[in-house]
2 protein chains.
Amino acid sequence: MAKDERPDLEQDDLLVVDAPMPDEGARPDDRIDDERHDEENRLKPSYVRSVRDALADEDYSTVYDLVEPLHPADIADLIELFDPDERRDFASAVTDLMSSDVIAELNDYVREDMMESLSARSVASIAGQLETDDAVQLIEDLDHADQQAVLAELDAEDRAAIESALAYPEETAGRLMSRDFVAVPEHMTVGNLIDYLREDVDLATDFFEVFVVDYAHHPVGTCQLSWVLRTPRQIALTDVMKRDQTLIPVTMDQEEVALMFQKYALISAAVVDDSGRLVGQMTVDDVVHIISEEASEDALLMSGAGEGDINEPIRDAYGARVRWLVANLGTALIASLIIASFGAAIEQLVALAVLMPIVASIGGNAGTQTMAVSVRAIAMNQLTRANTGRMLWREMRVALLNGATIAVLVGAATGIVFSPMLGAVIAVAVLVNIVTAGLAGVLVPVIFERLKQDPAVASSVFVTMITDSMGFFAFLGLAVASGLTG
Amino acid sequence: MAKDERPDLEQDDLLVVDAPMPDEGARPDDRIDDERHDEENRLKPSYVRSVRDALADEDYSTVYDLVEPLHPADIADLIELFDPDERRDFASAVTDLMSSDVIAELNDYVREDMMESLSARSVASIAGQLETDDAVQLIEDLDHADQQAVLAELDAEDRAAIESALAYPEETAGRLMSRDFVAVPEHMTVGNLIDYLREDVDLATDFFEVFVVDYAHHPVGTCQLSWVLRTPRQIALTDVMKRDQTLIPVTMDQEEVALMFQKYALISAAVVDDSGRLVGQMTVDDVVHIISEEASEDALLMSGAGEGDINEPIRDAYGARVRWLVANLGTALIASLIIASFGAAIEQLVALAVLMPIVASIGGNAGTQTMAVSVRAIAMNQLTRANTGRMLWREMRVALLNGATIAVLVGAATGIVFSPMLGAVIAVAVLVNIVTAGLAGVLVPVIFERLKQDPAVASSVFVTMITDSMGFFAFLGLAVASGLTG
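Residues numbered from 1 in each chain as written. Chains lettered and ligands numbered in written order. Predicted model: local features only at pLDDT ≥ 70, side-chain atom pairs only at ≥ 80, totals over all residues. Heavy atoms only, no water.

## Observations concerning unusual backbone geometry
A positive phi angle, near 60°, is found at Glu171 of chain B, a position not held by glycine. When you line up the elements, Glu171 of chain B lands in the loop between α12 (156–166) and α13 (173–176). (Helix = DSSP H or I, 4+ residues; strand = E, 2+ residues; numbered from the N terminus.)

## Considerations on the UniProt feature "domain: CBS" (unreviewed entry) in chain A
Annotation from UniProt places "domain: CBS" (unreviewed entry) at residues 241–297 of chain A. Secondary structure across residues 241–297 of chain A divides into 42% helix and 23% strand, with the first and last C-alpha atoms of the span separated by 37 Å. (UniProt positions renumbered as here; feature names shortened; annotations may be inferred.)

## So, the interface of chain A and chain B
Each partner contributes residues to the interface: chain A has 138 residues there, and chain B has 138 residues. Between chain A and chain B lies a buried interface of about 12400 Å² when both sides are counted; carbon and sulfur atoms form 61% of it. Summed over the three residues of chain A that lose the most area to chain B, namely Leu229, Arg230 and Ile310 of chain A, the buried surface amounts to 7% of that side. Linking chain A with chain B are 10 salt bridges. Lys263 of chain A serves as the salt-bridge partner of Asp77 of chain B, at 3.0 Å between the closest nitrogen and oxygen. Tallying contributions element by element places helix α21 (residues 351–379) of chain A first for the side of chain A that touches chain B, with 16 residues. In the side of chain A that touches chain B, the residues fall into 70 nonpolar, 32 polar and 36 charged. (Contact = heavy atoms within 4.5 Å. Buried area = accessible area lost by both parts, 1.4 Å probe. Salt bridge = Lys/Arg side-chain N within 4 Å of Asp/Glu carboxyl O. Nonpolar A, V, L, I, M, F, W, Y, C, P; charged D, E, K, R; others polar.)

## Remarks on a nonpolar patch on the surface
A cluster of nonpolar residues, Leu439, Leu443, Ile447 and Leu451 of chain A, forms a patch on the protein surface that exposes about 340 Å² of accessible area. Following the sequence through the fold, Leu451 of chain A ends up in the loop between α23 (420–450) and α24 (455–481). (Patch = residues over 30% accessible without salt bridge, like charges linked within 9 Å, V, L, I, M, F, W, Y side chains within 5 Å. Areas by Shrake-Rupley, 256 points an atom, 1.4 Å probe, with all protein chains shown as cover.)

## Overview of the sheet that holds strand β3 (residues 219–224) of chain B
The strands that make up a sheet are held in pairs by hydrogen bonds between backbone atoms, and each pair lies either parallel or antiparallel. Residue and element names in this part refer to chain B. Spatially, β1-β2-β3 is the arrangement adopted by the 3 strands of the open sheet, whose pairing is mixed. Lying at the two open borders of the sheet, with one neighbouring strand each, are β1 (183–185) and β3. Averaged over neighbouring strand pairs, the angle between their axes works out to 30° when direction is ignored. Relative to β3, strand β2 (residues 209–213) runs antiparallel, the two being bridged by 5 bridges. Across the sheet, Glu209 pairs through a bridge with Gln224, a residue of β3. (Pairing = 2+ DSSP bridges. Axes fitted to C-alpha atoms, helices over the stretch in contact; angles between N-to-C directions.)

## Remarks on the UniProt feature "transmembrane region" (unreviewed entry) in chain A
Within this numbering scheme, the UniProt entry marks residues 324–346, 352–378, 399–418, 424–448 and 460–484 of chain A as carrying the feature "transmembrane region" (unreviewed entry). Helix makes up 100% of residues 352–378 of chain A and strand 0%, with an end-to-end C-alpha separation of 39 Å.

## Regarding helix α11 (residues 144–153) of chain A
All names here are of chain A. Along α11, the residues classified as buried are Asp146, Gln147, Val150 and Leu151. End-on view of α11: buried residues confined to an arc of 135°, all on one side of the axis. Opposite the packed face of α11, turned more than 90 degrees from it, sit the exposed residues His144, Ala145 and Ala152. (Buried < 20%, exposed > 50% of the residue type's maximum accessible area, 1.4 Å probe, protein only. Arc of directions from axis to C-beta.)

## Some thoughts on the sheet that holds strand β2 (residues 209–213) of chain A
All names here are of chain A. Strand order in the open sheet formed by 3 strands is β1-β2-β3, with mixed pairing between adjacent strands. Every interior strand has two partners, whereas the edge strands, β1 (183–185) and β3 (219–224), have only one. Sheet twist, expressed as the mean angle between neighbouring strand axes with direction ignored, is 30°.

## Notes on the packing of aromatic side chains
Residues and elements named next belong to chain B. This model, assessed by the stated rule, comprises 8 aromatic pairs over all chains. An angle of 55° between the planes, with centres 5.6 Å apart, marks the rings of Phe82 and Phe90 as tilted. Under the relative-accessibility criterion, Phe82 is labelled buried at 0%. (Phe/Tyr/Trp six-rings, centres within 6.5 Å; stacked < 30°, edge-to-face > 60°.)

## Concerning helix α18 (residues 284–302) of chain A
Residue and element names in this part refer to chain A. Between the first and last C-alpha of α18 there are 27 Å, a value that for 19 residues agrees with the 27 Å anticipated at 1.5 Å per step. At Ser296, α18 shows its largest kink, close to 25°. Counting buried residues along α18, 15 of its 19 residues qualify, which places the element largely inside the surrounding structure. At the C-terminal side of α18, Gly304 shows a positive phi close to 75°. (Expected span 1.5 Å × (residues − 1). Bend = angle between axes of the 7 residues up to and from the residue.)

## Let's talk about the nonpolar core
By size, the foremost hydrophobic cluster in this structure holds 78 residues, and its most contacted members are Ile346, Met356 and Phe475 of chain A together with Ile346, Met356 and Phe475 of chain B. In contact with Met356 of chain B, not counting residues within four places along its chain, are Ala353, Met356 and Pro357 of chain A together with Ile339, Ile346, Phe472, Phe475 and Leu476 of chain B. Formed by 48 residues, the second largest nonpolar core is a distinct cluster that contains Ile378 of chain A together with Leu300, Trp324 and Phe448 of chain B. (Core = buried A, V, L, I, M, F, W, Y, C linked by side-chain atoms within 4.5 Å.)

## Here's the deal with the packing of helix α21 (residues 351–379) of chain B against helix α22 (residues 388–417) of chain B
Residue and element names in this part refer to chain B. With their axes 12 Å apart at the nearest point, α21 and α22 run at an angle of 155° to one another. Between α21 and α22, the interaxial angle falls into the category roughly antiparallel. Note on packing geometry: the crossing formed by α21 with α22 is right-handed. Only Met391, Glu395, Ile406, Val410 and Thr414 of α22 make contact with α21, whose side of the interface consists of Leu355, Ile358, Ile362, Thr370, Val373 and Ser374. (Parallel < 35°, antiparallel > 145°, perpendicular 65-115°, else oblique. Left-handed = near helix turned anticlockwise from the far one by under 90°.)

## Examining the relation of the copies chain A and chain B
Each of the two chain copies can be brought onto the other by rotation about an axis and movement along it. For the pair chain A and chain B, the superposition axis carries a translation of 0.0 Å, the fit reaches an RMSD of 0.0 Å, and the rotation angle comes to 180°. Read as a symmetry element, the transformation amounts to a two-fold axis. The C-alpha atom lying nearest the rotation axis in chain A is that of Ala299 of chain A; the distance is 2.2 Å. Mapped onto chain B, 100% of the interface residues of chain A again fall at the interface, so both copies present the same surface. (Least-squares fit on C-alpha atoms with pLDDT ≥ 70 in both.)

## Considering the pattern of salt bridges
Considering all chains together, one arrives at 30 salt bridges over all chains under this definition. Between Glu449 of chain A and Arg42 of chain B there is a salt bridge, with the nearest N and O atoms lying 3.0 Å from each other. Of this pair, Glu449 of chain A sits in helix α23 while Arg42 of chain B sits in the loop between α2 (28–31) and α3 (45–56), on two different chains. Residues Arg42 of chain B and Asp38 of chain B are paired through a salt bridge, measuring 2.9 Å at the closest nitrogen-oxygen approach. Owing to a relative accessible area of 13%, Asp38 of chain B belongs among the buried residues under this scheme. Here the salt bridges share partners, and the residues they tie into one network are Arg52, Asp83 and Glu86 of chain A together with Arg390 of chain B.

Written out as structure tokens, the structure reads:
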């Protein structure tokens, strides 16, 4: 964080600005197909350019007028489109547009980068305005010293809430849950509840369900607000509430939480500690981000792109990717050794060198296809021990169909261009490699999963290694065995 | 559909069974860490086996006792784990466990497969119990004749709702929206609203927001139920409601809808027709499935695995995948032609054949990494014309770092094993190919997107083609140019 306070002072002014009132901000027609958004609700390049130009000209009143009508989420998008230096200029120029909502909506890397330039007091004043879960996100990535500095600036209540959240491991319900929720005792009637909600001013304003708890604060049921509103005052809550609840253990991993919300179509769920006491709630709007992250994560992991966030610092991106390129170098080396062992054959028949990449490349593709399907099915809990056998048999049949088709095509072409014998050899090699790819594409992820490893992370390196090696070995080996190379 | 009615009759009995009451079904402790679920909330293989065995022994009362405590979503999972013939046995054996909720939760392919075996009347009796959006899902995949047969069996109201939904293109808000929502006139007070909700029995029971509309049925504001409950009766709704709404055009694609819900953290949103009239609502619990689908879709598309659903019929999976394998065959062919043009060089120096796959394979990996990042960023509206230049420059720097690292490793090893000159050649070739991969990994998806094509679909074929060709060309070309092959 910036050690000297002066540049931060002016920022501090704005950072105590509160989140906009619901009825402020963009009107719907400002959102889509307006002069600021294109048909896919992205900010138009022309609009972004006009803000940039005004920013460059230090014409801050124009910047303000341009940006003021935007929804906080759109302001966050705009900031992400800026270059890092533009971001800082923008933040210090039109400080009172930098509401806590905007900061909560920012990409993690961009937010972290901007926080680094702020004083502990500035960060604390933002954190104080945020919901606990957003505040935790804001400071969990700061190094320990900065975290302590920020916590020290917070008032006791916020600090306690944030510290209790930080006590749980990252990416667990304890970190992500909201501590504002409505829990009421079993004996209440609908009327009691409505009166209680009207009177108690400290309650959260946005909630969708009310949790009914027993004397020990164990949840016994959940009441959707729509049920409450549709029921006469004198009815007991216990007659309205749903007893069948999905309880989230406070230590549950966010990926499991996301699957729970999807599977049981939850709007909110009670989070309970080890003794079953209600300690927080998770609402679907928080889970939505997790669902999308977790679902897209696999594509990036399989490709060896790590986090794959375009705002990730270059050194992180380099570190994440070079690891897999080096691993790939290792697998390519194995392939080369196999080729080298057939050097004599290649010298006699250079056509082998010309054709061998086809066999390897087709196998690699077939393997990637099957692997992507398996990894997704494992992530969605669709592929379990109970149906692995059927999945394997299914993929074998698909592989035989694919293999036969490609083998015929490549075999015929090679037969015509080179020799019928070489055509037969490459046809068999392709078929063998595609079937191998199908096996590897299912078994490698399944084995990683049973070893409690993330199947998405390392599967592709192994699958490629298997298909490359098998591709070169089958093709060159068969060529030699068939006496093609004299 | 089965033409003869007899086998269906017994199924019809059960199919009029209603969805379980909220307080029926599993208790929370039945959900996690019980004898039926493992720690990741998947059905235990041992449990699935016991149901299977009982089913095989036609011991249907045991099957019933085993399955009865499950949540409908778990029963759907169980059915998906069964083999197709087991599914039919199960459905006809313990018919009254096959509630409409279970059928709504089933995987599309599995449900379609099971529906085919039912009479139009059976399907209609299920559709009649479902929310319109689920009912539409149930019959939209049936062929036209079957659809008409089912619609004919439905009562007028349901039929009208479903037909109006089917009138909209697939995967648009019009298809997915729910038609039961609560809309009230502007002049109402909080008290009026509560009385209205208590009196009107036909209203939906599950809703989270009330839409306030003007005389022309245009939405003017949205009221979260929690705000209603926290406000005194005499206050006007117009003073409670949020005027800043995100309106979903009825023709909006589901992917855009999903991004809207994520970006603006929506719980529900009004769907409006071309004239701005309120025609339906979308709630986040419906959108959650779309978000996860859309996010994981790209991984499967990039790998050329099409839908990639493990329940997809084999012929469909074959059709989707073989297309890309053939395309890959084409790109591999181009690579082979390049190699062939250097045949003489390879005959003189077989080491070239041994090493050339390394250059191509490393480039392919680096390209896939960058492509995965770009495709994701485009899908999330993070990569637009406004920041493409910065993204490209960023990827160039990452590519140079990766390229330098790998070039040094592979160059040194080759220099030692073969010759310093060959080491230099492969080092330069690897660097060139990784930089090319970085360029292609950004530009190919961006160009497809600007041509209004899905970047995820065809990008990988092109990127691989570019990295393979460049890999072989750069390495073999440099080898010849450097006079290595005399």
